[in-house]
Amino acid sequence: ITDDDKISLMHRYAQAAMNGAAQVNLRLLAQVINSLAKGEKLAKPIYANEFNRYAQALETLSEEEIHLLASMYQYRKDAIPPHSSITPNAVKYENEYIENFEKHYRYKSNISYAKYVSLCSALLRTGLIYPVNQIRGTKYALSPFFDEIIQLVDFEDVLKRETQK
């Protein structure tokens with residue numbers, strides 16, 4: 001990362017702070033900046049304009065949305081990998097993470113279906129999740145954009161630090 005890009009990143013962080021971003025959001029941005037400054041191994045280099053995209057998504061997240069993203073990420077890591085099976089009648093594709101996360105999260109968080117859908121719908125603005133249309137309704141999954149950001153940020157760590165205050 002060049003010196004010009006470093007200055008741009010710090011300016012964007014300061015701008016988020018001046019605009020009233022919550023402490024938890026500033027921690028997320030700080031983790032991204034720290035990861036970039038350490039030269040973390042990434043699939044592609046990150047420049048200031050790409051950081052602005054990350055910052056825009058991260059600085060607007062509510063604490064509930066951060067919890068949802070962290071839970072979705074952990075559930076995806078722990079889930080059985082997607083797989084296909086062939087029967088005489090059909091090819092069946094199963095993705096335990098997409099199929100079951102909603103029920104898991106609603107039970108764990110004790111929230112209604114309407115609350116879950118409204119949280120996911122709000123997160124669509126960030127590009128961190130995307131809808132998966134199915135016969136029985138819409139499910140939500142983490143996006144490739146989220147996968148880029150998670151290389152730089154540990155949502156669980158940020159939430160733990162927030163609760164330690």
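As a reminder, the structure under discussion sits directly above these lines.
By convention here, each chain's residues receive numbers from 1 onward along its written sequence. In keeping with the model being predicted, local features are shown solely for residues with a pLDDT of at least 70 and side-chain atom pairs are shown and tallied solely at 80 or more, while totals for entire chains, interfaces and linings include all residues. As a rule here, side-chain values come from all non-hydrogen atoms in the structure, and water together with hydrogens is ignored.

K.L.:
Whenever I open this one, the packing of aromatic side chains confuses me. Can you help?
P.N.:
We describe a pair of aromatic rings using the distance from one ring centre to the other and the angle between the two ring planes. Think of it this way: a Phe, Tyr or Trp ring, Trp meaning its six-membered ring, pairs with another when their centres are within 6.5 Å, and the plane angle makes it stacked under 30 degrees, edge-to-face over 60, tilted otherwise. The tally for this structure, following the rule as stated, stands at six aromatic pairs. Plain terms: the ring middles of Tyr 73 and Phe 146 are 5.7 Å apart, the flat faces sit at 55° to each other, and that makes the pair tilted. Of this pair, Tyr 73 sits in helix α4 (residues 63-78) while Phe 146 sits in helix α7 (residues 144-150), placing them 73 residues apart in sequence. We classify Phe 146 as buried; its relative accessible area is 0%. Aromatic side chains Phe 101 and Tyr 116 sit 6.4 Å apart centroid to centroid with 55° between the ring planes, which places their arrangement in the tilted category. Pair noted here: Phe 101 is in helix α5 (residues 96-109) and Tyr 116 is in helix α6 (residues 113-123), with a separation of 15 residues, a long-range link. Each member of the pair, Phe 101 together with Tyr 116, is buried. Just above the ring of Phe 145 sits the side chain of Arg 53; from NZ or CZ to the centre is 3.8 Å. Per the convention used, a helix needs a DSSP run of H or I reaching at least four residues, while a strand needs a run of E reaching at least two, with both numbered from the N terminus. Think of it in three bands: residues with accessible area under 20% of the maximum for their type are buried, residues over 50% are exposed, and the middle band is partly exposed, with areas taken using a 1.4 Å probe on protein chains only. Throughout this description, the term charge over a ring refers to an Arg CZ or Lys NZ atom that lies within 6 Å of the ring centre and within 35 degrees of the ring normal.

K.L.:
I would appreciate a short explanation of α5 in the present structure.
P.N.:
A turn of α-helix holds 3.6 residues, and therefore any two residues three or four places apart point the same way. With 14 residues, α5 should reach 20 Å at 1.5 Å per residue; the first-to-last C-alpha distance of 19 Å fits that figure. Values of bend correspond, residue by residue, to the angle between axes fitted over the seven residues ending at that residue and the seven starting there. Largest kink in α5: about 30°, centred on Glu 102. Of the residues making up α5, those classed as buried are Tyr 97, Ile 98, Phe 101, Glu 102 and Tyr 105. In what follows, residue pairs with any heavy atoms lying within 4.5 Å of each other are defined as contacts. On its buried face, α5 is in contact with α4, α6, β3 (129-134) and β4 (137-142). Immediately downstream of α5, the backbone of Asn 110 shows phi near 55°, a positive value. The span expected for a helix works out to 1.5 Å for each residue beyond the first.

K.L.:
Quick question: what am I supposed to make of the environment of Asn 19 here?
P.N.:
Here Asn 19 shows up in the loop between α1 (3-18) and α2 (23-37). A relative accessible area of 57% means that Asn 19 is categorised as exposed. Separated by 40 residues in sequence, Asn 19 and Glu 59 have C-alpha atoms that sit 9.6 Å apart.

K.L.:
Got a minute to help me understand the layout of surface pockets in this structure?
P.N.:
The gaps left among the atoms become clear once a water-sized probe is rolled over them. Volume-wise, the largest pocket comes out at about 230 Å³. What lines the largest pocket is simply Glu 99, Glu 102, Tyr 113, Gln 134, Ile 135, Arg 136, Gly 137, Thr 138 and Lys 139. Residue contributions to the lining of the largest pocket peak at three residues, all from β4. Split into classes, the residues belonging to the lining of the largest pocket amount to two nonpolar, three polar and four charged. As defined here, a cavity is a set of points on a 1 Å grid over the protein atoms alone where a 1.4 Å probe fits but cannot get out. A pocket is an open set with protein on both sides within 12 Å along at least five of seven lines, and residues line them when an atom is within 4 Å of a point. Grid points are joined across faces, edges and corners, and a volume is the space filled by probe spheres set on the points. Three residue categories are used. Nonpolar comprises Ala, Val, Leu, Ile, Met, Phe, Trp, Tyr, Cys and Pro, charged comprises Asp, Glu, Lys and Arg, and polar comprises the others, including Gly.

K.L.:
Is there a simple way to explain empty space enclosed by the protein in this structure?
P.N.:
Going through the model one piece at a time under the given rule, you end up with one cavity of 30 Å³ or more. Lining the largest cavity are Tyr 97, Ile 98, Phe 101, Glu 102, Tyr 116, Thr 138, Lys 139 and Tyr 140. Among the elements that take part in the lining of the largest cavity, α5 stands out by supplying four residues, more than any other. Considered class by class, the residues forming the lining of the largest cavity number five nonpolar, one polar and two charged.

K.L.:
Help me understand the packing of α4 against α6 in this model?
P.N.:
Packed helix pairs are characterised by how far apart their axes lie and by the angle those axes make with each other. Axis definition: a line fitted to C-alpha atoms, limited for helices to the stretch in contact. Angles are taken between N-to-C directions and run from 0 to 180 degrees. Look at α4 against α6: their axes get within 10 Å of each other, and the N-to-C directions meet at 95°. In terms of orientation, α4 lies roughly perpendicular with respect to α6. Two secondary-structure elements touch here, α4 through Glu 64, Glu 65, Leu 68, Leu 69 and Met 72 and α6 through Lys 115, Tyr 116, Leu 119, Cys 120, Ala 122 and Leu 123. Broken down by class, the residue content of the contact of α4 with α6 amounts to eight nonpolar, no polar and three charged. Orientation is classified from the angle alone, with under 35 degrees giving roughly parallel, over 145 giving roughly antiparallel, 65 to 115 giving roughly perpendicular, and any other angle giving oblique.

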